[in-house]
Every structure is written in C-alpha cells, then in structure tokens.
Number of protein chains: 2
Amino acid sequence: MSTLVYLFEEGNRSMKGLLGGKGANLAEMTNLGLPVPPGFTITTAACNLYFKEAEKMSPDLIKQIRIAILSLEEKMNRKFDDHENPLLVSVRSGSVFSMPGMMDTILNLGLNDDSVQSLAKQLNDQRFAYDCYRRLIQMFGEVVKEIPKAKFENALEKLKKAKNVQNDTDLTATDLMALTETFKEIYQQYTKEAFPQQAEDQLLLAVEAVFKSWFNPRAKIYRDLHQISESLGTAVNIQAMVFGNAGETSGTGVAFTRNPATGEKKLFGEFLLNAQGEDVVAGIRTPEPIADLKAKMPAVYQQFEKLAAQLEKHYQDVQDIEFTIENGKLYLLQTRNGKRTAQAAIQIVVDMVNEGLITKEEAILSIDAPLISKLLHPIFDEVNEKKTPLIATGLPASPGAASGKVYFDAVSAKAAAEQGEKVILVRSETSPEDIEGMVVSEAIVTSRGGMTSHAAVVARGMGTCCVAGCGQLIVHEQEKVIFYDQGEIHEGEVISVDGGTGKLYLGEIPTQVAGENPAFKEFLQWLPAFSDLKVRANADTPRDIQTALDFGASGIGLVRTEHMFFEGKRLFNMRKLILAKDFVERKGPLANLLKIQTQDFEAIFRATKEHAVTIRLLDPPLHEFLPKTEDEIVTVAGQMGIRPDQLSARIGELEEVNPMLGHRGCRLAVTYPEIYEMQVEAMIKSAITVSKEGHQITPEIMVPLIGSKKELQVIKASLIKKIEEVLTVERVTLNYTIGTMIEIPRACVTADQIAEEADFFSFGTNDLTQLTYGFSRDDIAKFVGEYLGKGILPQDPFQSLDIEGVGSLIRIAVEKGRQTKPNLKIGVCGEVGGDPASIAFFKEVGLNYVSCSPYRVPIALLACSHATLKA
Amino acid sequence: MSTLVYLFEEGNRSMKGLLGGKGANLAEMTNLGLPVPPGFTITTAACNLYFKEAEKMSPDLIKQIRIAILSLEEKMNRKFDDHENPLLVSVRSGSVFSMPGMMDTILNLGLNDDSVQSLAKQLNDQRFAYDCYRRLIQMFGEVVKEIPKAKFENALEKLKKAKNVQNDTDLTATDLMALTETFKEIYQQYTKEAFPQQAEDQLLLAVEAVFKSWFNPRAKIYRDLHQISESLGTAVNIQAMVFGNAGETSGTGVAFTRNPATGEKKLFGEFLLNAQGEDVVAGIRTPEPIADLKAKMPAVYQQFEKLAAQLEKHYQDVQDIEFTIENGKLYLLQTRNGKRTAQAAIQIVVDMVNEGLITKEEAILSIDAPLISKLLHPIFDEVNEKKTPLIATGLPASPGAASGKVYFDAVSAKAAAEQGEKVILVRSETSPEDIEGMVVSEAIVTSRGGMTSHAAVVARGMGTCCVAGCGQLIVHEQEKVIFYDQGEIHEGEVISVDGGTGKLYLGEIPTQVAGENPAFKEFLQWLPAFSDLKVRANADTPRDIQTALDFGASGIGLVRTEHMFFEGKRLFNMRKLILAKDFVERKGPLANLLKIQTQDFEAIFRATKEHAVTIRLLDPPLHEFLPKTEDEIVTVAGQMGIRPDQLSARIGELEEVNPMLGHRGCRLAVTYPEIYEMQVEAMIKSAITVSKEGHQITPEIMVPLIGSKKELQVIKASLIKKIEEVLTVERVTLNYTIGTMIEIPRACVTADQIAEEADFFSFGTNDLTQLTYGFSRDDIAKFVGEYLGKGILPQDPFQSLDIEGVGSLIRIAVEKGRQTKPNLKIGVCGEVGGDPASIAFFKEVGLNYVSCSPYRVPIALLACSHATLKA
C-alpha cells in the first residue's frame, strides 16, 4: 500500500514530482516552522492511479484522505460538519508545472446549511457567511458538476434588478440567504440531486474534479504547446481555511521581500484589515502600504519582517508572499519567487551577492540573458502604448522604442534632424548610401528585408531601434508616402516604433529609459571571469568600438572594411577604380583610397588600443558600389567623366544572376589583387603609426569567402609580399596574423587543409546558413512564414543557429581545423554570435570567442557565462 | 658493386623502372627470341649515381660498359675501331615515361676517319658512308658539345650554293667527303679539340650527354607539368647498327599488326627496299604497301607475319613495329602498342575477345572512356578544318561537329529549317522558349553560360553539338549580328561549330561520321555485366528515353517535369495558374494542366516500359514562366486578359535577388501544395493506364531541394493523400516510391533523418556544387578563368566532381542515409553522372546508379565497368 496522501509536515520542496509545485512548497514552509495553515497533499501518483482504474477513487485513497482529515481536525480543533466549530478547507490543484486550464481553487469547502450559521456566529457576520456559502455552491457547481456559469450569474443579476442595486456588495445578508436558496435550486435542477450537505462528500467530489481537469481540452493544448508530459498527473492540496475578515485584528495582504520595480531592499506590498484576499482583488477598498502595518500591528509586522527575511534566505531569492492575519495570528498562505523588472533583477542579485546571500555564480545563473536587452534600450510607456493605434507589425530587428517624424531619404532626414526634429527614416530597404540618414534617425523602418538585412545589421550596430521587413507597408520614397491597411502616412507625420516587438504606432508615445545603472555595471564586470568563451564585437567605427569595449567586449571580432568605401570621396575613388580600364588607370584611385584607408585604420587602432582586432578585407561584389537607377547613372557618369551608356555597360558587365554566389569576397582578390594589397598596406602602415604612439597593435587580417586551401595560399602570398615590403621600407617589425572566414560549406569539410594556411578561423554564420540551407536571406520572406507556421523551420535560422544542419558543418570544421592545428583560434562573427541558444552550442564545440553587435555584448557575455557554468 | 649495365638478354619488360621503357621493351623482345640487333642498357640508377657523384662517371660504370661492348663485339663479330668490320652503334635515351626534351638518338656512333672507309666498302656506297659520318659529327657536336646547329647548317648551305644544287641528295660522294672535313673543322673551332676518333671516347661522351639531358630546361618543364619525379633518372640504350640500305636484299619499314583506322585484322604498313628509316621519313621515294613484300621477299614476309602475330599475342594488343632487313635478314628495331582511331580500337578489342586473345575484362579496361564519344558524334575533316579561319573558342558544351547558316531566334531558325536549310542557332543565352529553334538546329552557340547552362544541358540531351559561353562573341539578337574580334557575322552566313573543342569557324567544313558499328554495339552489351553501378539517363521526352535505352541505359534517373510547362497551351495554363488570385482561380488552369500532364506521362511510361523511371516534381522558381521584356509583357498580358501593369506587378512580386537560393523546388510545394498534387495525380493516373496496357509501371517520385526531414514529411503526406485518393477512385493498387534529391548541404549532414522519410536518394550535383562552393554557375564565368589559370581550381567542378569538397558531403550523406536504411537506393543525376573520374568516386562510396544525358550513357557504362573492375 503506497502513500497517496502526504501531510504538509511529511513533504519538502524536492518532492515536486509527487506533490506538485504548490504542495511541495507548502510542505517546505511547514517544515521551516512557518505559520502555514495545516493541510495535506494528494499525490500525482494518486491522480495517475485514478485514471488507470477507470476514473474511480480507490478505497485505499479514500481511507488515506480520511486519516489526513482526522489529523487536520485535531490540529485545528474543528471538525467536518461540526455545529460549533466546523472545519472549512480550500481545495487547489497543483501540478509540477504551473498550468492554466486546470481547475484552480474551491474555497470554504465544508460549508452547508448548518455550518454556515456557525460561521456567521463565529465571525459575527451573517452576510459574509452566506456570501461564502453561495460562492461555494456556484464554484462547486461550475467546476465539479459543470453547471454553466451563466445560470448562476443570471440569478444574481435578476436579484440585483429586483432589489434595484448596482453592486453585489449592496446586497444584504437576507438577500444573500435568498440567493443561496436560489443557487441550491439551480444545482438541484441541473444535477437532479441536492447540493451535498456532507463535507466529506463535497471534498471527494472536488478532488475528483481536480483529477479530471488534468485532461480537459485547455490543459491538453497547453501541455502540447509546452511539451509537458501527460504522464505527470496533478496533485491536490487541501488546506484549512483561515479568515482575514474575522474582525479588526484580522487582515490579509501580499508583500515582496524587495521592491520588484527597483530592487530596493525594503518590504514592498499592501494589506487590508478585516478582509479576505478577494476584497483586495475587487478593488473596492484601497489597501494600505505594508509599512503602515508596523504602526497598526507592530508585533505581527515584526514577525512578518522576520519570516520574510527567513524565506528569502531559504529560497535565495526575492519572495512574493501572501499572508492572512486571523485574530492577531499571522498565517503564510503562499510564497514564490517574485516577478521583477530587469532593473530590479540586476539590483537584487548584486545586492544579494554583496550581502553574502548568494554566490556570483548563482547570481549570474539566475538572470535570463534576454532580460539584459531591456536595460539597454528605452521602452514605451505601457499605458500610453495600449491607447495608441497600431499601424502594422514587422520584424523586431533592433530593440528600443522611439517616436518621431517620418522621412523617406537620407537628405531630408538629415536636414530635419539639423532643425532639431526627431526623425524616423522609412524606406523599402536601405543601402549603404542611406548611412547618413540612418545615423541621425531615432528609428529605422523598412518594408523589405529580414533580420539580417542592411537596415537591421546597421541599426543593431548603432543601437538604433529598427523594424525591418514590414510587408504590410507599401513605401513610395519618390512620392513620400506610406500606404498601410487603414490609410496613408506622409512625410513629417509622427509615428512610434517598437524595435523590441516590431510594432508601429500612429502618433507619439512617451518612452522610459532604464538609464545608467551601477549595479548593472558591476554585474557585467563579474561575467568574463566565469566564461570560457570571450566576447568580441562587430564594429566598424571608433564610436562603435568604444561602445563595445565599454560594455565589456574583450576585443573586436569583425571590422567590415566595405563601409569605408561608401561615402563621398571614398565612393568616388572606388567607382574610379571599378571603371578603370587596366592596372595603370587603377593606380590613381588606389593611391587615393590608400590614404583614406590609412586614416581610417589609424582611428580604429586608436580606439581598439591593445585589444584584439580582426579586420575583414573587402567582401561585397563590385556592382554594389555603382548606381542603380537611370537618374543616378546619369549623375555618376557626369562625376566620372564618362558617357552614361559607358557606365551602364560596365554595370551590365558586373551584373549577376545570383550576386550572393558571385564575384565577391576573396574572389575579387584573385582577379584584382591590388585592392587587398592596398588594404593591407593601409592596415600595416597605420598599425605601425599607432604602435609608435604606445599601443602595440597586432592586426588580425581576415580573408572572406575562402573555399579552398589553394585559394587562401594564393591570396596570402600576395598579402605577405606587400606587408613585408612595407615593413622593410619602414624598418620595423610588427606582429600580424592572417586568417579566414569559414562561411562556405566547402571550407568546413576541407578545414584541415585550410588550417594549414590560416592563423585563425572565424565562422560567418550568415553566409554559411544561406549556403547550407540554400536560402537567400534577401528572398526568404516569400516563404519563411509558411515554413515557421507549418513547423518545418523551428525558428528563423538567421536569428538562432540551426544546430542540426549548420551546426554539423561547424562541428566538422572545428574538428578538422584542430586536427591540423590543435590550438587554432576559432571564433564566430555572424549575427547569431549574440544569441544565447547559439552561444551554448559554440561553447560545446569549443570556440574561443563569439563576436556580435556592440549592443548585444552584455547579453553575449551573460550567455557565455551561463554556457560555461552549466557545462 | 651493383649492376649498372644490363645486356638486352638480361632484362624484361617488368624492369621499366631500372631500364626505362625502351630498354625494358628491347630486353623483352630479345628474350622472346625475336631478331633484335643486340645491345645493352645503362640503368637509371647509373644516371642517378652520375649526378650524386658530381657528374662523373665512376670507374665501375666505365668498366661495366666496356664489358658490355666486348659482349656486343663478340655477338656481331665486329669491333670498335676495327679496320675490316667496325662495330657501329646507336645511342638512345630511355626514361620510364616517354619524355620530349630529352636527347633522342645518335646513330652510326663508332664511325671515324678510318671506319667510314670500311663502311663504304662493305655497303659499296661511299656517298652513303660519308653522309653517315658527317651526320654523326653534326649530331654528336650538337648534343654532346652543344655546338649551335646553325654552324653546321650554314656550311651545308654554302656548299650547296657553291655546287649550285637544290637538295642534299644532289651532293656527290666527293662533296660529302669535303663537307665531313668542314664539319670536323667546325667541331675543332668550337671545342678546341679534334672530333674523337676512338669509338669508346665517342660512346662515353654520348652517354654523359644523355644523362645531362635529364636536367635540361625543356625536360624539367615537362616533368613539372606532368608531375614526373626528378628522382627517376634516365636510362641509356646502346644497340648495334643494322643497315637497310646494304643492297637490294635490304630494306626498312613500319607495320601495324591490324589496320589502325578500321581495326581490320590484316597487316597494315609500308616498306622501302635498299633504304634506311630516314629515307621513308624524307618522302623522296614512295614506300610500297607491306603486302607487296610478300612477292618480293616471300620468306622474310612470312617470318614478319609470324613475328607480328607473336608480338600481338605477347603484348595482347595491336603492335606498331619498326623493322629493317639487312642482306635478307630481318631485324625488329622497336615494337609498341599501335595508336588507332576510336572505331579501330573498338573493332580490335571485340575481334581479339572473339579470337580468344584477350578477355572481355581486358578489352573493357583497354578502352579509354572519353574515346567513346568520338564514335557517337560527327567530327570535322582534319585537313579542311586546318584551312578554315577560326572565329573564336568557347566551352565544348556538347560534342559533335556541324556547319550551317546562322539564325538568331527560334522562329527564324524553324522557318529556315523548314525550307531545308541547315541551321545554327546563335544566342547570348537560351531559355526554354527557344526549344523549338534548338530542336531544328545542327548546332547551338551561346556567348554566355557555362557547361551546365540551359543550352548545354538541352543540347547534350538531344545529342546536338553545342559551344556555350563563347565570351569573345557579342551577339545582338535584335539586330541579328554577331561581333567578333576580326569582324561581324549576319543572319544566313555559314559557320562551322566543333562542340568537342569549342571552336567556331567561318565557312563550311565537311564532317565525317563513325556511323553504325556492330562491334561497338557488341562492346556496349558486355558492359553491364562488369559493373556494380547501373547507368540511367536524364531524359524528358519519349525520343530521349528511347535513345538512352538503345545505348544500354538500365532506366531513367531523371525526368524533369518543368519542360512540360514551357510550350504553347501548357505555358498559357501555367501562367494562368501563377497569376491566379486564390485557390479558386487556380482550379481551372490546374485541371487543364492535369489533362496535359497525364498525356505526357502516358507517353513517357510507354517509352520506359518496365524500366525504372524517376520523375522529379516541379523545380524552377515561378518567375521563369513569366515574360521578361516589355514587349513580351504586353503580349502576354493581352493573352491573360489583364493589364500589363498588373502583370508587371506580379512579376515584380516574384522577382528574387538570388533566384538560385529562392522560392523554388519543394518550397513551392509548401506554399502551393496543389501543383505537386496535380503532378502526382497525373503521374499515378497514367501509370495505371499504361500498366493496364501490359507494362507494370512503378513510378519513383522525386522531390527536389529538400533541406530537412520535416519538409519532406509535410510534402510527402500531401502527395500520399492525393495518390491514395486516386487509387481508391480507380480501385487499383500500384507500387510507387517517394524519394528526394540530395542537393543542399543541409540535406547531406542531416541525411540520417531525411532517410527516415525517403525511399531513395538522388544526388543533384549541380546545385550541390553551387552551394558547397558558393558558386553560381550563371556567374562563375567572371572569374573561373583566373581560378583555373592560377591552379586554384584543378578543373571546372561542374564538369568533374570536386571530390574533396562536394565529395565529402556526398560521403557523409551516403553514410548517414544508410545508417538509417542500410539498403537505401542512392543515385546521382547531376551532370557529372557521365564523367569517368566522378564515376570512380561514386563507385567507391557505394552508389547504386549514375544518371546522365542519353549521349553520355555509353561513356558512363564504360566508366562504371572500369571503376568496378579496378576496385
């Protein structure tokens, strides 16, 4: 005969599987000696047995329940169905995971026609007693007998009409006595039997109802959705009722052990005297702050303070405690870890570490990585957000929230910003020529492109809020108008953009900023010590580099050099270079670019100082640097001093069917070696200059898009030749390394060979994902919705690494690379470098670092620590 | 003391490493008892020793040479420097691999001022003797002492001028005696020493010269190019001279044991009486056919016939034999496997198998796979080809040769063909809409696109000659003109196209066709029995299917269904389908397409009969079915009954940045399941119809572009549902299988999971190569030249599988697939399915079949047999 019923004092919190979450917690509190109303738990095993035995409660189970009730009666000095001191209990479900859809609570079980009067006498409140009774009948009727709620509600409404009152509370004791009779009649009509007058009958039926609710449709759907096993079953908790409304020395309340909004170490909550929990919820009386209890019931307050501290210490976390005072005696009804804001979460763990309550490891593991992003960006005021009309929803491409006036091109946006306007740049998609407009904008919105589109990548890099790929918008840049389902928006109109949710609103919404937070800074400083993986940042400008280092990045994992060619004089020279007929014509623009790049790299090295810095050589295809529209072609041809048809012809030559798979990356270096040679010359010269200023620079030169050892060999030879030339002329030595992106499947499967030539590897997960899946991230929008909807893709593989597919290739590349060079440094610099789930995988396969956009550095740092601590 | 010199009778053909190819062969013949002039070989080891010992011949080597000379003197009854009977020898190099750039031959070594007169006496020909002597001095001077050839040639020219004669042969004995003196003076002037009069001195110097020639620049370059190891060294062959010009019972000739042009089993060759080899080469006297020797010297002829048969039997191959007759005595100077035409090669091995000379395995292994293609396609007459001006060279996309008039579009081409013109279709690139023009053309030429472009694939499928990607041409279809380096070509002008070399010529060139060949058919029939791999064909029409089966294909590995949508009514309905607003509008065109497809599949199944047939569901993106130019859009919009701007808008919606990575293949089936459902309905209905006609059809349904198990699962479920509906309605059962293309890297690394859903795999190496390398085959032309030139790519990976990269993924997929299903049927249906090197790899990894275009089936059959026999 197994134990199917546990008294609270017989269990503990490790018995969650058998007693459910709530039962285990009540047992734990009881055994801590806390004043918990006594009770017992019917186990999940009993529930499973019930279904195994064709939904019948076994005699054994009933016997164990009776024994538990006897024990309860003894402790409370009350009895089921007693005239003087009737025992009343609550019945609550309690599965292992908290689950909506399950039967929740039946209060006041044990009341009947007789004991309702005893209760009225005891509490000296007939009205309340009958109110409890009619509620019991309704609750019981609904959940145990499935009587439609409407039947009871209609009767109540009818009564209120007859009595000509507005609120339930305006009904008198007599009214409620009559209502109780009506409810009993409804019960009789619907069930063809009288409302049970024996407390034990009520109890056993209620327990069965809890069991059955385990299989109700809502619970099933929830389980399927969250992959909770059906075989777990639910437990049932039976607990003696206590009454906060037993007079002026009674009361009820809820309190957090620390402030859940700020994290401040001070009790935070509220209470009502002579009231039950329901009264607090109903909102008719205004509760008082918990601090006021000190004056009103000093002993109780002191006891509560002590218990709160004890609970916090025991659970090593902020507690959210429900309590009731019955005739001056304090009872704790529930305690759980308190929900809190991101800011509070950090403040609390930092304080707790400093108080010696928890270790740093525990503190780190208790903070969810995504929570961090809420500390870095403004968010909308919730109340105002709800009141503002929604325009459309796109992809949440870069977090933050902002309001501003709509502009459609960089020039207008810049002009407006210079006038002091808050600007939001809206375009079909952005290109590098929009950079100046993007820099001045509060937010960026595009109607096309995904999470890794130009707009998204640049916005994340700058920490600017961005909604991308919002297909519900039709954006006409020329006509300066956005069409959306309900209307149109013109230049200068105000919209609000939530980059954390992808939502766009019409009109302004005030924002809140978490702001500077010393606790957060302290927390970030702890992380590197607990992580095997270093965190670097993808950053192209001194400003971005500084942001990343401030957030705790150990270095820069990706400087994209193509951004250096996209503005004014640079672009002019780049175009001259592309349009040159031969090597001789290329010399002039190359010399100009060399000068500009040297200055760029000096600024970059001055920002990175001694930190590691990996610079990627030119990656995009050449046609990206040339104009696209007819008008642009005419303008640019003028600048270049050639005829528009000549320019068009060259553009035609460079055009590609699949540019993603075309003549780009290191393939350019094979056909035009002088571009990379110019880049390394600039890089080495500036590294020498900055090294002489006192910061020893060791550039890590990264070649993109390598597919074979021989390819890297050929390019590396030309780079080294140029570098050694520079060093010879300058008569200095300088350490540098030459490595490669691993972003082509072929590079993964031949990584052992490539490692012979490479000083380091850095996975480019964006391109690697495109090629491994055969997905173009520019085109995936056409079908990714259906793929996610039908569950073919569990997630967007450009946001979180596809561990089975892309991950397999990464695993192969790491193994093969380290076969050749056991200490090969390997990192990742794709977008998923900042994704916690992906980081756990990168830790598992043994990468040395991840690199992500500056504003994701804190999240990545935390995710890396988690991965290391969990390993 | 190791043996550095071997007499011919001491060696054999297995000693090629030590004796070189020629030496081993002479030894072999000697030991067969054949009448070979005696001699000996100085080993390659001796050569290596020479270089090891600072280019000095060791006393030991000199001693061994002297002993060998003594033996030679004895056998010939002649002596070095003898007054009466001087021993004359030839000295020839002989490395393991025949190598241009090495010193070739010194004849008549041993002649000096004294022995030249003995020779004159013996041959009774003073003129000839002095001619030999002056040639020895020149040859010796050039190769041993590096005296410039011009010095000797100038002296000769001067003499001829003085004597007022045109030809060397017009010089008298006296003239040549004088010339000999002049040559000796030249020798003296240049070397500051007299021409050596001791035969042994001549010999040792000549041997050293052969050794040294191993390291001359031309030989070095050749070795580097062909990756021949420097450490092999060269051997030196010394052989007694025999003279075919010793009178009317002497002579010299060359003969093949069988006809090298036709393979006929009959001696084939020619001879000259009283002549040396040189006289045959000089072409002054006309040699007689070998058959005439029978009448002139019956005994010698009979002996030669016998020896020829003996050699053929011994070497198990046709022999190309050089012989000399000295005073009625037959000598064999050399034998080697005879070069032959493709037709002869096949005829010979088939005859030899039937004669019992060789086994079928030997016959199969002796035929190079690429040779086969020469039997399948016409080739240009060589002499005329050389005389015709070359226009340009493109990619040899589909073999064959043809001349015809240039046309630039399908309509004009068709019209001209109907008038009986021979037509060549020339376009920038072809698209499915050009099909009708391609069908009527003798050859197809494009200026863009690679070996796997539309033009190339379709042409190979039809067996039509094609040159693709000829970038030197600028083709203006509208203006009907081709610009090339030297001029322009207009509609109706005649050009000639060689699809085997990629060359285009201006004007007509006659062609030769190997034609029907019973031996070839017999040969092909042998092959399947010797191959573990089956050969199927990629064929989309009943005609192509028949061609493939006639060539011995075991079935059809790829029926592409997209070609079924590209003509007339089909295209109209396909466009209606694409332009439909919703499922309801799609119903009409779907019903029409169902009817058409059902007819198509019936025709296909009637052609395949019981042979295996794999049908791929629709693969290309939808925009391929829509018009491209403004004019076409206007026309098609009219046909569709919509406005051009509506059509343009839909085209815009479907446009993709990287169509290769876009919304195509099975991704269409996820968003529009009804297309694949229509296709399987048509397929199953027609399989039922044809099965009822007596051919049991078991369709293999192939889903393209699968990237994950779940994707295949979702699509397969919808296909099976539709199929079972059809079978239920028709009240029949039918076997069918559903498998997948493996053409995405992700499918390779998750093949274990995909195999759970797939009945078979078929590798699509074109797409797999594109994705593994990140190469677009439409764009690769921009840099592939440089990549091949710099050795970064050893070959075009779309023509021969990249075994290291793409092969690794294939290996992984095969292993993983068979982990799940040990007997999983796996094939390959990409272009490389017909490439011998790739086939060897496919055999190694254990594929069940390869599938290639019909005209490559014979090559694939042979390559599969080779791979199996060699394993």
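Parameters at a glance
Residues numbered from 1 in each chain as written. Chains lettered and ligands numbered in written order. Predicted model: local features only at pLDDT ≥ 70, side-chain atom pairs only at ≥ 80, totals over all residues. Heavy atoms only, no water. UniProt positions renumbered as here; feature names shortened; annotations may be inferred. Phe/Tyr/Trp six-rings, centres within 6.5 Å; stacked < 30°, edge-to-face > 60°. Helix = DSSP H or I, 4+ residues; strand = E, 2+ residues; numbered from the N terminus. Buried < 20%, exposed > 50% of the residue type's maximum accessible area, 1.4 Å probe, protein only. Lys NZ or Arg CZ within 6 Å of the ring centre and 35° of its normal. Contact = heavy atoms within 4.5 Å. Buried area = accessible area lost by both parts, 1.4 Å probe. Salt bridge = Lys/Arg side-chain N within 4 Å of Asp/Glu carboxyl O. Polar contact = N/O pair within 3.5 Å; in protein donor to acceptor, adjacent residues only side chain to side chain. Nonpolar A, V, L, I, M, F, W, Y, C, P; charged D, E, K, R; others polar.

Per an unreviewed UniProt entry, the recorded name for chain A is Pyruvate, phosphate dikinase, and the organism is Isobaculum melis. Of the comments in the UniProt record for chain A, the one headed Cofactor (unreviewed entry) reads "Mg(2+)". You can read under Sequence similarities (unreviewed entry) in the UniProt record for chain A the words "Belongs to the PEP-utilizing enzyme family."

J.: How do you make sense of the packing of aromatic side chains when you look at a structure like this?
T.: The way to describe two aromatic rings as a pair is by their centre distance and the angle between their planes. Scanning all chains against the criterion turns up 42 aromatic pairs over all chains. When the centroid spacing of 6.4 Å and the interplanar angle of 40° are considered together, the rings of Phe140 of chain B and Tyr187 of chain B count as tilted. Of this pair, Phe140 of chain B sits in helix H5 (residues 126-145) while Tyr187 of chain B sits in helix H7 (residues 173-191); the two residues are 47 residues apart in sequence, bridging distant segments of the chain. The class for Tyr187 of chain B is buried, based on a relative accessible area of 0%. Grouped by ring-pair contacts, the aromatic residues Tyr50, Phe51, Phe211 and Phe215 of chain A constitute a single cluster. One cation-aromatic arrangement involves Lys329 of chain A over Tyr331 of chain A; the distance from NZ or CZ to the ring centre is 4.8 Å.

J.: What am I meant to see in the interface of chain A and chain B here?
T.: Often the size quoted for an interface is simply the accessible area lost on bringing the parts together. On the chain B side, the residues contacting the 46 residues of chain A number 46 residues. For the pair chain A and chain B, the two sides together bury roughly 4,300 Å², of which 58% comes from carbon and sulfur. For chain A, the biggest contributors to the area lost against chain B are Leu661, Arg746 and Lys782 of chain A; these three give 15% of the whole. Across the contact surface, chain A and chain B share 4 salt bridges. A salt bridge links Asp802 of chain A to Arg746 of chain B; its shortest N-O distance comes to 2.6 Å. Taken together, the connections running from chain A to chain B amount to 30 residue pairs in polar contact (both at pLDDT 80 or more). Taken together, the elements giving at least two residues each to the side of chain A that touches chain B come down to helix H25 (644-654), helix H26 (666-671), helix H28 (709-730), helix H29 (745-749), helix H31 (765-773), helix H32 (781-789) and helix H33 (806-820) of chain A. When the residues that make up the side of chain A that touches chain B are grouped by side-chain class, the tally is 19 nonpolar, 13 polar and 14 charged.

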